Amino acid sequence: MAFASPIHYSPHGSAAGSPPGRTLLLDKSSFCGGNSTKATSGINGAGTKTQKSKSIPDTADIFVADTLKGGAKKPELAKVLCVNSAADVDWLVDKFDLDLSLVARLGGHSQPRTHRGKERFPGMTITYALIQMLEKVAEKTHRARIVTKAEVFKLLQNGRNVVGCEYRKAGKVVKEFGPMVLASGGFGADFGSDSLLATYRPDLLHLPTTNGEHCTGDAIKMGEAIGAATIDLEWVQVHPTGLVKPDDPDAKVKFLAAEALRGVGGIVLDAMGNRFCNELGRRDYVTGEMWKNKPPFRLCLNRAAADEIIWHAKHYTGRGVMKFYPTGEDLAKDMGVPLQTLIDAHQKHFEAAKKQEKDPDGGPFPAYPSGKTWDEPSGKTGSGKKFFHNIIDGSKVATEPFYAHHRVPVGAQRTVAIITPVIHYCMGGLECTVDAECIDKSGKVIPGLYVAGEAAGGIHGNNRLGGNSLLDCVVFGRVAGKAACKYTFGTNEKFKPCPTPGELKELTK
């Protein structure tokens, strides 16, 4: 049978069909982009042109090992994610003229591989470029359509095959036909009494979230309704650095402090001005260590660290959720701790970094993801710090300018902003193959149904590394699109009606 080419249900809550060789994007929000537009740290790639220009010795094999160490449990899916990373990041740069020229090392990564540009959040940069290209294709050709405020609620089948969907728009129910690519995100804002959060993680219902209100697990629920298998729904990531706006402290949806702030050298201090964790550890680890120690917590960037990520620092400062301190002495006064405490914390950090550089395998504490460390505060937790960046010795602290986030529990006295652990990402979702095909509970492929992004489960296991979410969207989005087209066009592409353009841009002229 010939089906309409892919209907894409997007990160806001959208779907993908229409006539053969064409694509329809359905999004339940008023504009496209979803949570991907809010991704703040970047997109991972191992072996990219950017890395090579900076002589970063990264490979797909190293990336696979880091991803598995970080929580992934399915090597075959991790391999698809990591092996495709370099080509897909380079594809974004080459085909969409994106700036992804800066690279940072985030928690759990043994190499700097998280790419971002010099301005704007990387999620916004990447997502808007893709959407704008699709809008141009829709405007100039008949190969694409975009429908917003369209809530997909049912998958249509012919036997076991998915052949389309039904969606609501302006009070009407509309049917579209074609194979489906589901990319509607997770369920991090699904707070109802019968919600996926209530079913699988009721212990998290009291927490705020970084997810938009559209993230209610639509794809997962529609898939389950036709017998699709799910996996890892109990694994919901709580991010340690959610920002609370001072003028709206009880908002259920929070801004996120980018993990890249720690990647460029930001350190985390407790109420007494002491470090207590590996700032580059897994997200679940950092959150856990915060809960063990005394708030308020501050994420502090010295001048070199802030300069490396200055767009973010100025953006957060402008929003009133980050504060600039002209000197370390000013920071100490604001914290209510002796200046010497901050001097000592930085000096110990500096000395540990220098020892690590001189003797990387001789430290007395276990390091993450492997090896040994000289850093005592993190080493004592069993997940010691072994990568250091933009360090300063204690003698410079008194006169060093700092940017700082201030983390205190809701209701406590604050001087900068409130930061709290937040529901951030759902590792679980619809179970899929290496070709992004959804499967049923017996393990058989459901023809015509594909999944990508956070709606897909099994790719990240019990913890996702920073920078792997945008990569997941791009890699498995492209895998799903290719698989859906192959399915649509049939054997020997006998139903393929249109020649393939040499370049996307050719369609927009």
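It should be emphasised that the depicted structure is a prediction, and the values quoted were computed from it without experimental measurement. (Residues numbered from 1 in each chain as written. Predicted model: local features only at pLDDT ≥ 70, side-chain atom pairs only at ≥ 80, totals over all residues. Heavy atoms only, no water.)

A. Broad picture of the overall build of the protein chain. What the protein chain contains, in helices and strands, is 15 helices and 25 strands. For the protein chain, whose C-alpha radius of gyration is 23 Å, the value lies close to the compact-globule estimate of 23 Å for 509 residues. Dimensions of the protein chain, computed from C-alpha atoms along their principal axes, come out at roughly 75 × 50 × 45 Å. Considering the protein chain as a whole, with its 509 residues, one finds that 58% of them fall into the buried category. When the accessible surface of the protein chain is split by element, carbon and sulfur atoms take 53% of a total near 20200 Å². (Helix = DSSP H or I, 4+ residues; strand = E, 2+ residues; numbered from the N terminus. Rg over C-alpha atoms; globule rule 2.2 N^0.38 Å. Buried < 20%, exposed > 50% of the residue type's maximum accessible area, 1.4 Å probe, protein only. Areas by Shrake-Rupley, 256 points an atom, 1.4 Å probe, with all protein chains shown as cover.)

B. Up close: the packing of aromatic side chains. Going through the model one piece at a time under the given rule, you end up with six aromatic pairs. Here the aromatic rings of Trp91 and Phe96 are separated by 5.0 Å at their centres, their planes lie at 80°, and the arrangement is edge-to-face. Accessibility classification places Trp91 together with Phe96 in one group, the buried group. With centroids separated by 6.1 Å and ring planes inclined at 40°, the aromatic side chains of Phe121 and Tyr316 adopt a geometry described as tilted. Within this pair, whereas Phe121 is found in the loop between strand S6 (114–116) and helix H5 (122–140), its partner Tyr316 is found in helix H11 (residues 310–318), the two being separated by 195 residues in sequence. Here the aromatic residues Phe121, Trp311 and Tyr316 are joined through ring pairs into a cluster of three or more. Lying over the aromatic face of Phe153, Arg168 brings its terminal NZ or CZ to 3.9 Å of the ring centre. If you follow Arg478 out to its NZ or CZ, it ends over the ring of Trp91, 3.9 Å from the centre. (Phe/Tyr/Trp six-rings, centres within 6.5 Å; stacked < 30°, edge-to-face > 60°. Lys NZ or Arg CZ within 6 Å of the ring centre and 35° of its normal.)

C. Spatial organisation of the sheet that holds strand S9 (residues 161–169). The strand order across the open sheet formed by three strands is S8-S9-S10, and the pairing between neighbours is antiparallel. Each of the sheet's edge strands pairs with one partner strand only, and the pair in question is strand S8 (151–158) and strand S10 (172–177). In this sheet, adjacent strand axes meet at a mean angle of 25° when their direction is disregarded. (Pairing = 2+ DSSP bridges. Axes fitted to C-alpha atoms, helices over the stretch in contact; angles between N-to-C directions.)

D. Highlighting the packing of helix H2 (residues 60–69) against helix H3 (residues 75–83). At their nearest, the axes of H2 and H3 sit 9 Å apart, and the two run at 135° to each other. As far as their axial angle goes, H3 and H2 are oblique. Along this stretch, H2 crosses H3, giving a crossing that reads as right-handed. Facing Ala60, Phe63, Val64, Thr67 and Leu68 of H2, the residues of H3 in contact are Pro75, Ala78, Lys79, Cys82 and Val83. (Parallel < 35°, antiparallel > 145°, perpendicular 65-115°, else oblique. Left-handed = near helix turned anticlockwise from the far one by under 90°. Contact = heavy atoms within 4.5 Å.)

E. Quick peek at the pattern of salt bridges. Here the structure, examined in full by the defined rule, presents 20 salt bridges. Between Glu431 and Lys74 there is a salt bridge, and its shortest N-O distance comes to 3.7 Å. With Glu431 in strand S22 (residues 429–431) and Lys74 in the loop between H2 and H3, the pair connects residues that are 357 residues apart, well separated along the chain. One salt bridge connects Asp334 with Lys323, and the closest N-O pair in it is separated by 3.5 Å. (Salt bridge = Lys/Arg side-chain N within 4 Å of Asp/Glu carboxyl O.)

F. Just the pairing of S8, in detail. Here S8 pairs with S9 via seven bridges, running antiparallel. Each bridged residue has a counterpart across the sheet, and for Lys154 the counterpart in S9 is Glu166. Taking the residues that link successive antiparallel strands as the turn, the S8-S9 hairpin has two residues, and the phi of Gly159 there is positive, at about 70°.

G. Region of the structure containing the sheet that holds strand S12 (residues 230–231). Taken in spatial order, the three strands of this open sheet run S12-S22-S25, and their pairing is mixed. Edge strands, defined here as strands with exactly one partner in the open sheet, are S12 and strand S25 (456–457). Where S12 lies against S22, two bridges are found, and the strand directions are antiparallel. Residue pairing across strands places Ile231 opposite Gly429, the latter belonging to S22. Most of the contacts of helix H7 (residues 218–225) go to S22, to which it runs at about 45°, and overall it touches S12 and S22.

H. Expanded view of the side chain of Thr210. Among the secondary structure elements, Thr210 is positioned in the loop between helix H6 (196–200) and H7. Engagement of the side chain of Thr210 in a polar contact is seen with the side chain of His424, the distance being 2.8 Å. Among residues more than four places away in sequence, those in contact with Thr210 are Asn35, Lys38, Val253, Lys254, Leu256, Val422, Ile423 and His424. (Polar contact = N/O pair within 3.5 Å; in protein donor to acceptor, adjacent residues only side chain to side chain.)

I. Representation of the nonpolar core within the structure. Membership of the largest hydrophobic core comes to 54 residues, with the highest contact counts inside it found for Leu26, Ile43, Leu92, Leu182, Leu449, Val451 and Phe476. Ranked by residues supplied to this core, first place goes to helix H15 (residues 468–489) with nine residues. Of all hydrophobic cores here, the second largest spans 25 residues; its members include Ala258, Cys277, Val286 and Ala305. (Core = buried A, V, L, I, M, F, W, Y, C linked by side-chain atoms within 4.5 Å.)

J. Layout of the state of the cysteines. Per the counting criterion, the structure on display carries zero disulfides. There is no disulfide at Cys165, and the cysteine sulfur nearest it, in Cys438, is 14 Å away. (Disulfide = S-S within 2.5 Å.)

K. View of the pairing of strand S24 (residues 445–451). A large share of S24 lies buried, amounting to five of its seven residues. In the sheet, strand S11 (residues 180–182) pairs with S24 via three bridges, with the strands oriented parallel. Looking at the pairing, Val181 lines up with Tyr450 of S24. As paired strands, strand S23 (residues 437–439) and S24 are joined by two bridges and run antiparallel to one another.

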